[in-house]
Amino acid sequence: MKKLPLSLLVGALSLSLSAPTIAQEYMFTYSKLFTQMKQNAKEGHDDVKIGFFFTNAATKQLCNIEKAWMEKEEHYEILQVSPHKELLVPLDSNLREANPLVFVRTPMDQRCDFSMVVMTKQPMSGTVDYQNIEVLMPQMQAMLEDLGGMFASWFTPDVEGVTLEFVAGTEGVVRFSNGKEKALVNNKVQISLSEIGEGGSITLPSETARVLPYLPKASK
């Protein structure tokens, strides 16, 4: 991590202490995040990963991350945020040993809940074949169960497809190769593998922001 002079570190700390007047601030230990992130390096999780986000408690939309950083003693490092509002935390065993504090700043006028999701590493766009989605489902299932612990396979709902999320304001429909259509609702749509049908495909209105598991039995 980048080492800064004490004067700069004090300045950074002063800024964080005054932040509540303009922003909400959240704090984690790196080791807690590492425990979840290590799933991303596990064999068999080639196409999926754990992603960290903050979700508006009222609207369920993703919150903007105004700033994120790690610090410990004289060390201070800014964390990156993806264009789709994902907090990008490096997976590093040395950082786990050092265990710095991780700070995240979000807008003051929103209550933002920490959200950890299973998602694809790459977005989807254009025409997506049945096989492209089929290969994701066992990986998503395995990661959900790994996160849940020893007996998670007994209780984790089955992944039956994907939830496609698009940037705010995206409208349109997902078109199926069998002639059916499914409209986006609040920038998202849920597609089961059985709806596509073996050998079929779907065509998306634009590139996805996130691709998450579809767990229809989770709400039953």
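Keep in mind the model is a prediction, meaning the values are calculated, not measured.

So, the state of the cysteines
Logical step 1: Taken as a whole, this structure holds one disulfide when the rule is applied.
Logical step 2: For C63, the disulfide goes to C112, at an S-S distance of 2.2 Å. Residues C63 and C112 are joined by a disulfide whose S-S torsion is about -100°; by sign, that bridge is left-handed. With a gap of 49 residues between them, C63 in the loop between strand 2 (48-56) and strand 3 (67-72) and C112 in strand 8 (residues 112-120) connect regions that are remote in the sequence.
Logical step 3: On the accessibility criterion, C112 (2% relative accessible area) is buried.

Quick word on the environment of K180
Logical step 1: Positionally, K180 belongs in the loop between strand 11 (173-176) and strand 12 (181-183).
Logical step 2: What makes K180 exposed here is its relative accessible area of 56%.
Logical step 3: Between the C-alpha atom of K180 and that of E195, which follows or precedes it by 15 residues, the distance is 9.1 Å.
Logical step 4: In contact with K180, other than residues within four places in its own chain, are V174 and R175.

Things to note about the nonpolar core
Logical step 1: Membership of the largest hydrophobic core comes to 44 residues, with the highest contact counts inside it found for I133, L164 and I202.
Logical step 2: Apart from the residues within four sequence positions on either side, L164 is in contact with M124, N187, K188, V189, I191, I202, L204, T208, R210 and V211.

Concerning the confidence of the model for the chain
Atomic detail in the predicted coordinates should be set aside for any region of low pLDDT.
Logical step 1: On average, residues of the chain carry a pLDDT of 86, and 85% of them reach 70 or more.
Logical step 2: The least confident element of the chain is helix 1 (residues 6-18), whose mean pLDDT is 29; the most confident is strand 14 (residues 201-203), at 98.
Logical step 3: In this model residues 1-21 is a low-confidence stretch, pLDDT under 50, and it forms 25 contacts with partners more than four residues away in sequence or in other chains.

Points about the packing of aromatic side chains
Logical step 1: Tallying each qualifying case throughout the model produces eight aromatic pairs.
Logical step 2: Aromatic side chains W69 and F103 sit 5.3 Å apart centroid to centroid with 15° between the ring planes, which places their arrangement in the stacked category. Residue W69 is located in strand 3, and its partner F103 is located in strand 7 (residues 101-107); the two are separated by 34 residues in the primary sequence.
Logical step 3: Its relative accessible area of 1% is what places W69 among the buried residues.
Logical step 4: F103 gets classed as buried once you look at its relative accessible area, which sits at 10%.
Logical step 5: Here the aromatic residues Y26, F28, F52, F54 and F114 are joined through ring pairs into a cluster of three or more.
Logical step 6: Its guanidinium or amino end placed over the ring of W69, K67 lies 5.0 Å from that ring's centre, counting from NZ or CZ.
Logical step 7: Against the face of F53 rests R210, its NZ or CZ located 4.4 Å from the ring centre.

Let's talk about helix 2 (residues 30-37)
Logical step 1: When helix 2 is considered as a whole, its buried residues turn out to be Y30, L33, F34 and M37. Seen end-on, helix 2 carries its buried residues on one side only, within an arc spanning 105°.

Examining the sheet that holds strand 13 (residues 188-192)
Logical step 1: Within the open sheet, the three strands sit side by side as 13-10-15. Their pairing is antiparallel. Each edge of the open sheet carries a strand with a single partner, namely strand 13 and strand 15 (210-214). In this sheet, neighbouring strand axes are inclined to one another by 25° on average, regardless of whether the strands run parallel or antiparallel.
Logical step 2: Two strands pair when backbone bridges link them, and strand 10 (residues 161-165) and strand 13 are joined in this way by five bridges, in the antiparallel orientation. Paired with E165 across the bridge in strand 13 is K188.
Logical step 3: Helix-sheet contacts for helix 5 (residues 136-148) involve strand 10 and strand 15, and the interaxial angle to strand 15 is about 75°.

Quick notes on the rules
- Residues numbered from 1 in each chain as written.
- Predicted model: local features only at pLDDT ≥ 70, side-chain atom pairs only at ≥ 80, totals over all residues.
- Heavy atoms only, no water.
- Disulfide = S-S within 2.5 Å.
- Helix = DSSP H or I, 4+ residues; strand = E, 2+ residues; numbered from the N terminus.
- Buried < 20%, exposed > 50% of the residue type's maximum accessible area, 1.4 Å probe, protein only.
- Contact = heavy atoms within 4.5 Å.
- Core = buried A, V, L, I, M, F, W, Y, C linked by side-chain atoms within 4.5 Å.
- pLDDT = per-residue confidence, 0-100.
- Phe/Tyr/Trp six-rings, centres within 6.5 Å; stacked < 30°, edge-to-face > 60°.
- Lys NZ or Arg CZ within 6 Å of the ring centre and 35° of its normal.
- Arc of directions from axis to C-beta.
- Pairing = 2+ DSSP bridges.
- Axes fitted to C-alpha atoms, helices over the stretch in contact; angles between N-to-C directions.

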